Amino acid sequence: MEDGLVVCGQTGPVLAQLEQTGLATWIRESGVLYGYPLILFLHTLGLGTLVGLNSAIDLRLLGVASGIPLASLEKTFWLMWSGFAVNAATGSLLFMSDATKHASNPAFYLKLACVALAVVTLMRIRSQVFRGRESGRLLAAASLGFWFVALSAGRLMAYIIEFLS
Amino acid sequence: MNLAHLHLLLNHVPTVGLGVGFGLFLASLIGKSDDLKRASFVVFFVVALVAIPAYLTGDAARFTLQNRTGVSDELIAAHQNAAMLALIPMELTGFVAWIALWRFRRWTLAALLFLSIVTFGLMARAATVGGQIRHPEIVTEGRAAFAPLWPTPAAMGAALVIDHPWVWPICEILHFVGLCLLFGVVLLVNLRTLGFITGVASADMKRLLPWGMAGLGVNIVTGMLFFLAAPDQYTQNTAFFWKMAVMLIGALSLLSPTMVGESGTADPHARAPIAAKVIAAGSICLWIGVIFLGRFLPYIGAE
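Since this is a predicted model, take the numbers as computed values, not measurements. (Residues numbered from 1 in each chain as written. Chains lettered and ligands numbered in written order. Predicted model: local features only at pLDDT ≥ 70, side-chain atom pairs only at ≥ 80, totals over all residues. Heavy atoms only, no water.)

Student: Which residues make up the confidence of the model for chain A, and what values go with them?
Tutor: Summing up the model confidence of chain A, the mean pLDDT is 91 and the portion of residues at 70 or higher is 94%. Low confidence marks residues 1-8 of chain A, where pLDDT is under 50. Its contacts with residues over four positions away, or in another chain, come to two contacts. (pLDDT = per-residue confidence, 0-100. Contact = heavy atoms within 4.5 Å.)

Shown next, in the form of structure tokens:
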């Protein structure tokens, strides 16, 4: 309990400072189309690219379109990592624009955890399954599950914070 | 021209188009012509796409007509429910027609015969009730303008979303699941056509396509539920109009991968013709455009 208070005491001002920075204030309050809406769009585009391609690869590993050689899909990894980079950047911007609110949202931590697990799973799919060391069915199913929970938690963040407050 | 006007232009397409498609389909069965058969599948698919804005613009027309004297709200509601009842089998017809184009199976013939007949009957019913809204001359004298119609899928869909606060968030999640499925498959199939991905036969890559179509299906259903629950929020938003226009052209571009032979070439290193590449690049851009307009919808277009 005391630890929790100390953590709050330390991170609270940091988060508050973060959302008071010029950039965070601009994202939150400028109201221009190339601000918050553009960041939100890029976050969705990155999601579609990373999760879309990854899900298609998962389906392939689960037996759909089994005629596709895995080697031919190697080239999609740079696209997926680009999607991830875009979303790490836009996600950080979205977080800082409302830092204290997001940091108090359990759905946000669930989302982050599942994104991390899904990314580790994707790396493992490349290092093990694409090298022919594993069949990959289990990894593919886990990947789909992690992305589904990450996506659901992300979508529900607004509803959960409303429910909690 | 406004959206109510657009409704008048589009609302004849489902009945007339379905008639044309059905005629071609029957002729292909009698004449045993595969080309004619594929042509009828294309017509079914295109009509199923046009039926979507025909329905959506109907709500815009209702918005324009509300509180006008001489227009019956009950009649409009009956027309709307009849239209939704016809739209559901219409979309199924389009989906099966696309499957038949993608990879022909015998069961699709029986399914299309059944679905197109059922859809035509329901569509004609919706059209008749719709006509009565502004054309009292077609109402048989001595009979009520319309008998209460059942079931009422449009009203039921709206009630489902409005009465249960968890339905909207669940639909939002599913809308994003559909987005990922569709966009991922669109990227892979079109990047193969463009030559960015090589070493895989386009015929094999195209085996993924039904999963993309399933994603599109999920998004049409969930999108329609949003629309049913808050129609004015969408019909009065120009960004929504553009999203639908771009989405329909994007959906049309999903015909392109089914057009080369039965399911594309079996050579893993074959290069696609330039026309196919142009359509592939266009398809990716169109779907990015749909995501863009969807995300910007609350910020642009609203009055």
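Structure shown, so let's carry the discussion forward.
Student: Which residues make up the packing of helix α11 (residues 238-253) of chain B against helix α12 (residues 274-296) of chain B, and what values do they have?
Tutor: A packed helix pair is summarised by two numbers, namely the angle formed by the two axes and the spacing between the axes. Residue and element names in this part refer to chain B. Contact geometry for α11 and α12: axes closest at 9 Å, N-to-C directions at 155°. In terms of axis orientation, α11 runs roughly antiparallel to α12. Classified by chirality, the crossing of α12 by α11 is left-handed. Here Ala 239, Trp 242, Lys 243, Val 246, Met 247, Ile 249, Gly 250, Ala 251 and Ser 253 of α11 lie close against α12, whose contacting residues are Ile 279, Ser 283, Leu 286, Trp 287, Gly 289, Val 290, Leu 293 and Gly 294. Split by residue class, the contact of α11 with α12 holds 11 nonpolar, five polar and one charged. (Axes fitted to C-alpha atoms, helices over the stretch in contact; angles between N-to-C directions. Helix = DSSP H or I, 4+ residues; strand = E, 2+ residues; numbered from the N terminus. Parallel < 35°, antiparallel > 145°, perpendicular 65-115°, else oblique. Left-handed = near helix turned anticlockwise from the far one by under 90°. Nonpolar A, V, L, I, M, F, W, Y, C, P; charged D, E, K, R; others polar.)

Student: Got a sec to walk through a nonpolar patch on the surface? Specific residues and values, please.
Tutor: Residues and elements named next belong to chain B. Residues Leu 26, Leu 29, Ile 30, Leu 113 and Ile 117 make up a contiguous nonpolar surface patch of about 430 Å² in total accessible area. Listing elements by their share of the nonpolar patch, those giving two or more residues are α2 (13-31) and α5 (106-134). Structurally, Leu 29 is set in helix α2. For Leu 29, a relative accessible area of 32% translates into the label partly exposed. (Patch = residues over 30% accessible without salt bridge, like charges linked within 9 Å, V, L, I, M, F, W, Y side chains within 5 Å. Areas by Shrake-Rupley, 256 points an atom, 1.4 Å probe, with all protein chains shown as cover. Salt bridge = Lys/Arg side-chain N within 4 Å of Asp/Glu carboxyl O. Buried < 20%, exposed > 50% of the residue type's maximum accessible area, 1.4 Å probe, protein only.)

Student: Provide a residue-level description of the packing of helix α3 (residues 34-65) of chain B against helix α9 (residues 209-229) of chain B, including the pertinent values.
Tutor: Residues and elements named next belong to chain B. At a closest axis distance of 12 Å, the pairing of α3 and α9 adopts a crossing angle of 15°. By the criterion of interaxial angle, the relationship of α3 to α9 is roughly parallel. Remark: the crossing between α3 and α9 carries left-handed chirality. Along the contact surface, α3 presents Phe 45, Ile 52, Tyr 55, Leu 56 and Asp 59, while α9 presents Met 213, Ile 220, Met 224, Phe 227 and Leu 228. Its residues placed into classes, the contact of α3 with α9 shows nine nonpolar, no polar and one charged.

Student: Tell me about the interface of chain A and chain B, and name the residues and values.
Tutor: Contacts between chain A and chain B engage 32 residues on the former and 31 residues on the latter. Contact with chain B buries surface across chain A, with Phe 41, Arg 155 and Tyr 159 of chain A losing the most and accounting together for 19% of the total. One can count zero salt bridges joining chain A with chain B. For the pair chain A and chain B, the number of links is three residue pairs in polar contact (both at pLDDT 80 or more). Sorting the residues of the side of chain A that touches chain B by element identifies α3 (36-61), α4 (76-97) and α7 (137-164) of chain A as the ones contributing at least two each. Counting residues per element, the side of chain A that touches chain B draws most heavily on α3 of chain A, which supplies 15 residues. Classifying every residue of the side of chain A that touches chain B gives 22 nonpolar, eight polar and two charged. (Buried area = accessible area lost by both parts, 1.4 Å probe. Polar contact = N/O pair within 3.5 Å; in protein donor to acceptor, adjacent residues only side chain to side chain.)

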